Structures are given as C-alpha cells and as structure tokens.
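# Results of the structural survey
This is what each chain is made of:
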Amino acid sequence: MGHLTARDAYKNLEDRINWFTQGAPPSDTLYKILQVLYSEKEAKWAALLPVRPFTLKKAAKIWGTTEAKAEKLLDRLCEKALLVDSYYHGQRQFVMPPPMAGFIEFALMRTRGDIDQKYLSELYYQYMNVEEDFIKDLFFATETKLGRVFVQEPVLAGSKTNHILDYERATHIVEEAQHIGLGTCYCRHKMYHAGHPCEIDAPWDVCLTFDNVARSLAEHGTYARLISKEEAKDVLQRSYESNLVQIGENVREHPAFICNCCGCCCEALQAARHFSPMQPVATTNYIPKVSLEQCIGCGKCANVCPILAISINAQEHGQKQPVIDEEICLGCGVCARNCPTSAIQLTRRPVQIITPVNSTHRFVLQAIEKGTLQNLIFDNQAFANHRAMAAVFGTILKLPPLKQALASKQFQSIYLDKLLSIQQKRANQKQL
C-alpha cells in the first residue's frame, strides 16, 4: 500500500464507511474529521476491513501481515474507539462501528488529550449542524429508524404500567444488560466546544452503553466506565429530573445504547425541530392527552417539550390551553411529568409502533429500504462464513412479503428466490 497517497487513504476510508447501511456523505469536512480520528496508516488499513465482525486471523490475511502485527494495530484502533471487540465462543472478534451511534460519538465520550477536541467539535458542528447532508441521510433515508424513544416510566401511573411492554422500559434494558457503561454525553460535549453550550445546563455524565460495546469502551481507552444496574437506574432518574429524553437503539433485544438527550444539543431532537413533521426517531407507543378541566394554562408543558410539539392557545374566555401536535409528538412524557395539576396523561397510541427484534433485523430492513442490501451481502470478507450469511437470510425470511420482494430484487440471488418460494408454498399449504 506504499503507493497510496494520504488523500487516497482517507478517500478509500470514506468509501469503506459508506458500505454501511448507515453511511456518511463525503465532503471536505468529513475528510478533515477522518484526518483527526485516524493516522494515515490507520486509514489505509481500516479501509480494507469487512463490514461485519471479523477475527484477528481474518484481519492478518486481509492486510498480508503476521497476526502479531495485525493484533497490535487492532488493539490501537480499539484504544481509539475506532473498533469494538467482542468474544464469540471464546474467540475475539472485531467490528468497525458505524458513524453514529458509533465512532463519531465515541471520540467525545471522554476528555482526552491526544486530539484537539475543540477543533473536532467544530468540524462535527459544521458537518452535522450546518451542512446537514449527514443528518438527512442518518434520520430520514429509511422508514426504519436508527433510534427509538423510551417513555418516562414514572409518568405511567397506576394501571397504565401494566400495559407497557418490557422492551419499552429503559429499566428493563438495564436489568437485562450483562455490562453497562457510563460515558460523557457526546452531544453536549460537542456543542460546548463548538460555542453552543447546553441551554438547560443538563448533566454530561448520562450516556449509557450496554454489553460488548460497554465492555470494549471501558477496557480500551476508558471511553466509558462500567457501572452497576443500580447506578444506571440513578442515571435514568437524574435524566428524568433534568427533563431529558431517553433515545436508544431501535431494537427490542439488547440495544447497544441509551442516550439521555436535550432538545438544544441532540442531533435527533434538533432534526425533529428543524425538519418537522418528519420523524427522525421512532416514537413511543404513547401520546399525551390534556384534561381541559384540570389544566390551568401555566404553559410549563410547552416550555419543557424538547421538540416544540406543544403550543399555548388562548380560548374564547381568555384561558390559555395547550395544543399538542400529535403528528410530531415523541410520546416521551416530559410534558406530563412537569404538569403541576396532572392534567396531562399518557394514553396508548391507537396504532402500535413496530420495533425491529435485534440489530441484524434493523440492518436488513434499513438496507432494503435504502437499496444497499447487496453491500451487506456481498462484503465477501464479512460473509466468508455461513453463520453470518444465515443470519441475514433468516431475517429476510421473517419479513413481510413486500420487503421480501424488495430484498430479492436487490439481491438477485437464485438461492434467496428459492428460499422465498419454498416459504410461500409452506404458507399456502397451511392455509389449505
């Protein structure tokens, strides 16, 4: 690779990043960001890595070097949070995290002296808050969203708590996690250095990661510290009290993160404000309803709404009353928590929000919707083993017929078409 120029290395890395279902639109700003995060050598080698998890042996083969040298570089990339490692049946595996939630955020999840954090924050602000192509692609390119909102459990009083499903509870995610990591809020850290500090002075130490992501970030470079389930629940309570919105990975089983977000700094909530009525994240299955008999028109609900979904209108007799825009409401419950007369109650939405089962399910859905399923399938190095291929096929076979048809068209695989045909025949036989 000695013939590559520095610009070739970073442009190749840009191309590699855009093999993800979630990519990062190329720009001069992104190029500068990659220069901060990666050395030229790291960029050259990272550009060759597979999309899906890989082993030390696979990396050494791809790079044409010894396993000892490959492991040294892999460890270095883990220390910079540019790779995340895990263990499968005792074998160490590595994966390159997507841009978000991934290496973009990890870089600012702790205070560090090896990079210019102010300069990086300014680049991030330019790339995401000014240029916006990345944000539009991240939040609006697919019907299936990267993140979903968790309802504030304390707001669901009495019998309503019986109707909340386990995966809708942030506390359930905490209880199920094997490892829990606590890091600095990337959003508020970035905005502080970029000259736009948090308007509500929300706490910074509220970023939660789970399982292998938490363990890897804690073991390599202290981007997070491992905490107990009790401390994680305390983080949630502090976040509730600061009127923060819980946004986690949009999956039912073992999400990798839950962020505690403010409307002034969080990219998702900013996008909800800026691109309304389009939704950047999946809402909860709840919607607030106002009892006009109990409402005193104080306006607190409108003041605390993180996406400005509530307005205060004057009625015929001069009394002010809140109007909730249900088309854009996240159903987070912040308004209900702040109502001094309990005039706002959360009720179940009439149409259930569908949440992908796990990360593979979400990846495949987003790849189909974005027209990039072939990138996921034909990343030869990633799918050299049948287990990884089977996971993708298994997910496709569980999708609705329309999604299956789109997948088949994109994949153009005789094997996949045969599987779908067999599945359809079995479904028809069950109906007879």
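Our subject is the structure listed above.
In short, a report on the structure. Everything numeric in this text was worked out from a predicted model, so none of it was measured.

This part covers the environment of histidine 172. When you line up the elements, histidine 172 lands in helix H9 (residues 170-176). Remark: the alpha-carbon pair of histidine 172 and histidine 254, spanning 82 residues in sequence, is separated by 10.0 Å. If near-sequence neighbours (up to four positions away) are discounted, histidine 172 is found in contact with Asp166 and Tyr167.

All right, on to the pairing of strand S2 (residues 84-88) then. As a general feature of sheets, a regular strand has side chains that alternate between the two faces. Sheet topology note: the S2/strand S3 (residues 91-95) ladder contains five bridges and is antiparallel. Counterpart to tyrosine 88 in the pairing with S3 is glutamine 91. Joining the antiparallel neighbours S2 and S3 is a turn of two residues, in which histidine 89 adopts a positive phi near 50°.

Here the focus is the nonpolar core. Membership of the largest hydrophobic core comes to 117 residues, with the highest contact counts inside it found for Tyr38 and Tyr124. A total of six residues in this core trace back to one element, the largest contributor, which is helix H2 (residues 28-37).

Let us look at the sheet that holds strand S6 (residues 207-210). In a beta sheet, neighbouring strands are held together by backbone hydrogen bonds and run either parallel or antiparallel to one another. Strand order in the open sheet formed by six strands is S4-S8-S9-S6-S5-S7, and the pairing between neighbours is antiparallel. Looking at the sheet topology across the chains shown, the edges are occupied by strand S4 (147-150) and strand S7 (225-226). Relative to S6, strand S5 (residues 180-183) runs antiparallel, the two being bridged by four bridges. Residue glycine 183 lies in a different strand from S6, and its bridge partner there is cysteine 207.

On to helix H10 (residues 186-193), then. With seven of its eight residues buried, H10 lies for the most part within the structure. Listed as buried for H10 are Tyr186, Cys187, Arg188, His189, Lys190, Met191 and His193. Contacts made by the buried residues of H10 are with helix H6 (99-106), helix H7 (117-131), strand S9 (257-261) and helix H13 (267-274). Of the residues flanking the end of H10, it is glycine 195, one or two places downstream, whose phi is positive at about 90°.

Counted under the stated rule, the structure contains eight aromatic pairs. Ring centres 5.3 Å apart and planes at 70° place the aromatic pair phenylalanine 140 and phenylalanine 275 in the edge-to-face group. A residue pair is termed long-range when its members are at least 10 positions apart, and phenylalanine 140 in helix H8 (residues 133-140) and phenylalanine 275 in the loop between H13 and strand S10 (286-290) qualify at 135 residues. Residue class for phenylalanine 140 comes out buried when judged on its relative accessible area of 19%. The residue whose ring lies beneath lysine 41 is tryptophan 45, and the NZ or CZ to ring-centre distance is 5.9 Å. Looking at arginine 252, its charged tip hangs above the ring of tyrosine 167, at a distance of 5.9 Å from the centre.

Calculation rules
- Residues numbered from 1 in each chain as written.
- Predicted model: local features only at pLDDT ≥ 70, side-chain atom pairs only at ≥ 80, totals over all residues.
- Heavy atoms only, no water.
- Helix = DSSP H or I, 4+ residues; strand = E, 2+ residues; numbered from the N terminus.
- Contact = heavy atoms within 4.5 Å.
- Pairing = 2+ DSSP bridges.
- Core = buried A, V, L, I, M, F, W, Y, C linked by side-chain atoms within 4.5 Å.
- Buried < 20%, exposed > 50% of the residue type's maximum accessible area, 1.4 Å probe, protein only.
- Phe/Tyr/Trp six-rings, centres within 6.5 Å; stacked < 30°, edge-to-face > 60°.
- Lys NZ or Arg CZ within 6 Å of the ring centre and 35° of its normal.

Fair warning: the whole summary comes from geometry, so function is off the table for now.
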